[in-house]
Amino acid sequence: MIESLLLNFLFLLFPVLLFLIFFENKLHTYNKNILILLSSISMVLCMAFPIKLEIGFIFDLRFIPFIIVALFGGYKYTIPLYMVLNIYRTIIGGAGILQSFLFSTIVFILIPLLNKWFLRQNARKRILWAVLVSIFTMVFYLITLAAQLPALNQEFWILTINALPTYTLVMGVIMVLIEKIIDNINTLKLSIQSERLNVLSDLSASVSHEIRNPLTVTNGFLQLLNKSETLTSDEKTYIEYALLELKRAENIVSDFLAFAKPQSENMIYSNLKEETEYVKNIITPYANMHQVDLKYTFSNSLSFKYDKNQIQQCLINLYKNGIEAMKEKGGVLTIDVFEQKKDIVIKIEDNGVGMTKEQVLQLGNPYYSTKKEGTGLGMLMVYSTINKVNGKILVDSEIGKGTSFTISIPV
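Attention in this report is confined to the structure presented alongside it.

**Digging into the pattern of salt bridges**
So, step 1. In the structure shown here, the tally under the stated rule is seven salt bridges.
So, step 2. For Glu-274, the salt bridge identified is with Lys-308, shortest N-O distance 3.1 Å. In this pair, Glu-274 sits in helix H10 (residues 273-289) while Lys-308 sits in helix H11 (residues 308-324), placing the two residues 34 residues apart along the sequence.
So, step 3. In this structure, Lys-320 engages Glu-324 in a salt bridge whose closest nitrogen and oxygen atoms are separated by 2.8 Å. In this pair, Lys-320 and Glu-324 are both assigned in helix H11, four residues apart and thus about one turn of the helix distant.

Put into structure tokens, the structure is as follows:
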């Protein structure tokens, strides 16, 4: 039994190890279809080489990859596994084909229902619930088996004593490894993003200050020249145009400074109430123009130190994006600011056009925008600002249903 158990455990480690070796550090080549294929192979191998007990009963760990994919991927990614499981079980033949089909169908119908709720949990809870689901699945299997037996004999209890702990332990180990891989991927993403934003911050501050100096000098000389009485009307007009363009250049530089490090003259220690209300008030006319209602709630007593101007611009960008996502049909933009343990949470939710998972992953990259006329610099500024206060941004979006931005700022 030990040999077959270790062999089954190796089959379950197979997709985890392959992903760890070949795909963990290649964020853009991550392909869920590859994981489905690897999980199918793992499941088939478990069925081909089951765990054999001395009393004659056999069982396998086929439902561990099945449950994991169902919890993480939902129905979309569980359907291929369901087909593979039943096709291969039919090929194997023998007694219990119908029972296996009915049991797998019930598992297929019920477990993916937990998908969205499961993904909202933290890592520890996901591990716990995956283990509990595997236990419930095995208990359900044993109950269906017991219903077919004339009496609960010694062999049945030996099977129960072996199957339940095996499913519990193996599911726990596999889930810990999966959550560790997920944590490594998220850490790598944050590290890359943080490094990129820090470089952008330093470059913005350096370039902006260097450009401002000659702009200020040029502006001064042009104003002095404009006071000369020997200039013709055409020459004065040219100077006026030049001054207007210099003013526009200074505004561009000022916008560019939004990516720089927080400015000391703008730093305050507060709980965000004034900033969130101010931005709500100035964005309300824009929302009314697009038939969007604003719902705003504030229940936060925690304070932290931040650049007032940068936070305001960050919120303006997020509110504006939410409104523009609903400009065709109108809708409701919900803004909720509250405290959660030692974090300030800002949740901005719209019921607009929504985004695909691929679009969500691209948010915050320079020059990437979901709008035809967009430059992507607005979202880049949002991620840069939140990064400066050590905050995190969680984006949840679905096409046709809307988008939710959840910003967590530690205090």
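This is not the end of the story, as more comes after the structure.
**So, the packing of helix H3 (residues 63-73) against helix H4 (residues 75-92)**
Helix packing geometry: the angle between the two helix axes and the distance between the axes.
So, step 1. The interhelical angle for the contact between H3 and H4, taken along N-to-C directions, is 160°, at an axis separation of 7 Å. When the axes of H3 and H4 are compared, the pair comes out roughly antiparallel. You can see that H3 and H4 cross each other, and the crossing is left-handed. Taken together, the residues of H4 that come into contact with H3 (itself represented by Phe-63, Pro-65, Phe-66, Val-69, Ala-70 and Gly-73) are Tyr-75, Lys-76, Tyr-77, Thr-78, Leu-81, Tyr-82 and Leu-85.
So, step 2. For the contact of H3 with H4, the per-class residue count stands at 10 nonpolar, two polar and one charged.

**What to know about the side chain of Asn-300**
So, step 1. Topologically, Asn-300 is positioned in the loop between strand S4 (292-299) and strand S5 (304-307).
So, step 2. Among the residues examined, Asn-300 registers a relative accessible area of 7% and is labelled buried.
So, step 3. Within the structure, Asn-300 has its side chain in polar contact with the backbone oxygen of Asn-271 (distance 2.9 Å).
So, step 4. Look past the residues within four positions of Asn-300 in its chain and what remains in contact with it is Asn-271, Val-337, Phe-338, Glu-339 and Ile-344.

**Comments concerning the nonpolar core**
Nonpolar side chains in soluble globular proteins tend to be buried together.
So, step 1. Counting 48 residues, the largest nonpolar core has Leu-61, Phe-63, Ile-64, Phe-66, Met-171, Ile-174 and Met-175 as its most contacted members.
So, step 2. Listed by contribution, the elements that provide at least two residues to this core are helix H1 (2-22), helix H2 (32-48), H3, H4, helix H5 (97-110), helix H7 (123-148) and helix H8 (154-226).
So, step 3. The dominant element in this core, judged by the number of residues it contributes, is H8, at 11 residues.
So, step 4. The contacts of Phe-66, once residues within four sequence positions are left out, are Met-43, Thr-78, Leu-81, Tyr-82, Leu-85, Ser-104, Val-107 and Phe-108.
So, step 5. Core analysis: the second largest hydrophobic core is formed by 38 residues, Ala-287, Tyr-306, Ile-311 and Leu-363 among them.

**Things to note about the packing of aromatic side chains**
So, step 1. A full pass over the atoms with the stated rule returns 11 aromatic pairs.
So, step 2. Between the aromatic rings of Phe-63 and Phe-103, the centroid separation amounts to 5.2 Å while the plane-to-plane angle is 85°, which identifies the pairing as edge-to-face. Of the two residues, Phe-63 sits in helix H3 while Phe-103 sits in helix H5, which places them 40 residues apart along the sequence. Accessibility assignment for this pair places Phe-63 and Phe-103 in one class, buried.

**Here we look at unusual backbone geometry**
So, step 1. At Gln-291, a position not held by glycine, the phi torsion is positive, near 55°.
So, step 2. Relative to the assigned elements, Gln-291 resides in the loop between H10 and S4.
So, step 3. Despite not being glycine, Asn-390 has its phi angle at roughly 60°, a positive value.
So, step 4. Mapped onto the elements, Asn-390 comes out in the loop between helix H13 (377-388) and strand S8 (392-398).
So, step 5. For Asn-390, a relative accessible area of 58% gives the class exposed.

Definitions and cut-offs
Residues numbered from 1 in each chain as written. Predicted model: local features only at pLDDT ≥ 70, side-chain atom pairs only at ≥ 80, totals over all residues. Heavy atoms only, no water. Salt bridge = Lys/Arg side-chain N within 4 Å of Asp/Glu carboxyl O. Helix = DSSP H or I, 4+ residues; strand = E, 2+ residues; numbered from the N terminus. Axes fitted to C-alpha atoms, helices over the stretch in contact; angles between N-to-C directions. Parallel < 35°, antiparallel > 145°, perpendicular 65-115°, else oblique. Left-handed = near helix turned anticlockwise from the far one by under 90°. Contact = heavy atoms within 4.5 Å. Nonpolar A, V, L, I, M, F, W, Y, C, P; charged D, E, K, R; others polar. Buried < 20%, exposed > 50% of the residue type's maximum accessible area, 1.4 Å probe, protein only. Polar contact = N/O pair within 3.5 Å; in protein donor to acceptor, adjacent residues only side chain to side chain. Core = buried A, V, L, I, M, F, W, Y, C linked by side-chain atoms within 4.5 Å. Phe/Tyr/Trp six-rings, centres within 6.5 Å; stacked < 30°, edge-to-face > 60°.

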